[in-house]
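Close look at the chain arrangement
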Amino acid sequence: MAVKRPTIADVARRAGVSKGSVSYALNGQPGVSEATRRRILAVAAEIGFSRSSAARALSGATANAVGLALCRSARTLGIEPFFMELISGVEAELSARSYALTLQMVTDQDAEIAVHRRWWGERRVDGVLVCDLRADDRRVPVLEELGLPAVVIGGPEGTGTLPNVWSDDAAAVMDTVNYLAALGHRRIARVGGLPDLLHAAVRGTAFTEACRRLDLPAAVTVSSDYTGEEGAQATRRLLSSSARPTAIIYDNDVMAIAGLSVAQEMGLAVPVDLSIVAGDDSPLCRLVHPPLTALGRDTPAYGGQAARQLLAVIGGAAVDAVQAESAQLTLRGSTAPPPRATGTAPS
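What this report covers is the structure whose coordinates are included nearby. (Residues numbered from 1 in each chain as written. Predicted model: local features only at pLDDT ≥ 70, side-chain atom pairs only at ≥ 80, totals over all residues. Heavy atoms only, no water.)

Thoughts on the overall build of the protein
We apply this condition: Put simply, DSSP H or I for four residues or longer makes a helix, DSSP E for two residues or longer makes a strand, and each gets a number counted from the N terminus. Under the scheme applied here, a residue whose accessible area is under 20% of the maximum for its type counts as buried, over 50% as exposed, and between as partly exposed, the area being computed with a 1.4 Å probe on protein chains only. Each accessible area is a Shrake-Rupley estimate made with a 1.4 Å probe; only the visible protein chains count as cover when residues are assessed. Under the counting rule used here, the positive set is Lys and Arg, the negative set is Asp and Glu, and His together with the chain ends is not counted. We put the charge of a Lys on NZ, of an Arg on CZ, of an Asp on CG and of a Glu on CD.
The helix and strand inventory of the protein stands at 14 helices and 12 strands. On the principal axes, the C-alpha backbone points of the protein span a range of 85 × 40 × 35 Å. In the protein, which comprises 347 residues, the proportion classed as buried is 51%. Roughly 15,100 Å² of accessible area belongs to the protein as shown, and the carbon and sulfur atoms make up 54% of that amount. Distance from the positive charge centre (34 side chains) to the negative charge centre (36 side chains) of the protein: 6 Å.

So, helix α2 (residues 19–26)
What counts, and what does not: This arc is taken over the directions from the axis of the helix to the C-beta atoms.
Buried within α2 are the following residues: S21, V22, A25 and L26. In a view along the axis of α2, the buried residues occupy a sector of 130°, so they form one face of it.

Points about the packing of helix α1 (residues 8–15) against helix α3 (residues 34–47)
How we decide: Between N-to-C directions, angles span 0 to 180 degrees; the directions come from axes that are lines fitted to C-alpha atoms, helices contributing only their stretch in contact. Should an angle lie under 35 degrees it is considered roughly parallel, over 145 roughly antiparallel, and from 65 to 115 roughly perpendicular; all remaining angles are considered oblique. The handedness criterion is simple: a crossing whose near helix is rotated anticlockwise from the far helix by less than a right angle is left-handed, and one whose near helix is rotated clockwise is right-handed. Note on contacts: a residue pair is in contact if any heavy atoms of the two residues lie within 4.5 Å. Residues are grouped as follows: Ala, Val, Leu, Ile, Met, Phe, Trp, Tyr, Cys and Pro are nonpolar; Asp, Glu, Lys and Arg are charged; every other residue, Gly included, is polar.
In contact at an axis separation of 9 Å, α1 and α3 are set at 125° when each is read in the N-to-C sense. By the angle between their directions, the pair α1 and α3 is classed as oblique. α3 is crossed by α1, and the crossing has right-handed handedness. Contacts between α1 and α3 pair D10, V11, R14 and A15 from the former with R39, I40, V43, A44, E46 and I47 from the latter. Classifying every residue of the contact of α1 with α3 by side-chain character gives six nonpolar, no polar and four charged.

Right under this line is the structure:
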């Protein structure tokens, strides 16, 4: 079913004027007062309509592009292997269908919503992918209202009526805690991501629950922004505490590698004194010494699956949520039993 985009009639109805007045205002022609012109332009911006929208509508052409707006800096994106691999999977699927990916960095959700409105109103994209889902995410109802074809990478909760592709983050974290506890670790900590992100909250809840079930005394989570700098700072705080952990789980590979560096800087041997698990696997995890035990999955395939879902939605198909394969532990040299056979942390 074709999705209705904003038209000149929609602008006229919302502004309470004629379609002719809208045309005058949008084209900078005389015939309307300055106050009316400002009101019309404000309404047009709000619903994502511009002069170029009319021309594209008359042509009947599709954009043959999908959009991805990411709320992070270009610098952070460039050093985060997960998103590079995700985008490569999306690109591979889109290029096979002669679609392009429009990528834009934004500063916050308001900026991302504005980008979605503009892209849709100006017919720059035929649909969007949505990442970094938050609790009560304001993007979801806006996309539903716009009728903009969208697929959420994340979930399963909080996606409204939008289809999504997701993996079981909770199960992956629980498996990791179970593995470390089986090695004998009793003091396990976690360096998590931004706490307002839904997947970070799910991982945090799973970590706390797994530690409680196993009667582990100190289920400590330190939040960060996924960068190496904050990962290093969190590691120093944990390793300087009186109840120093014997194992740390990191939410991504960048922070885990930074944590490894800090541990070595503080004179701790990995894995003799400290075990480390990276929450994302990447070539970086295999290049450091010792190589890092990591939770890995086929991230390009994950991105490709999301792209296929979105193209199906754009084509008018009814699309359900898809659960992708959960991340699996790959054991390497950064994990071992704790310093003492009893699993007691060193003093």
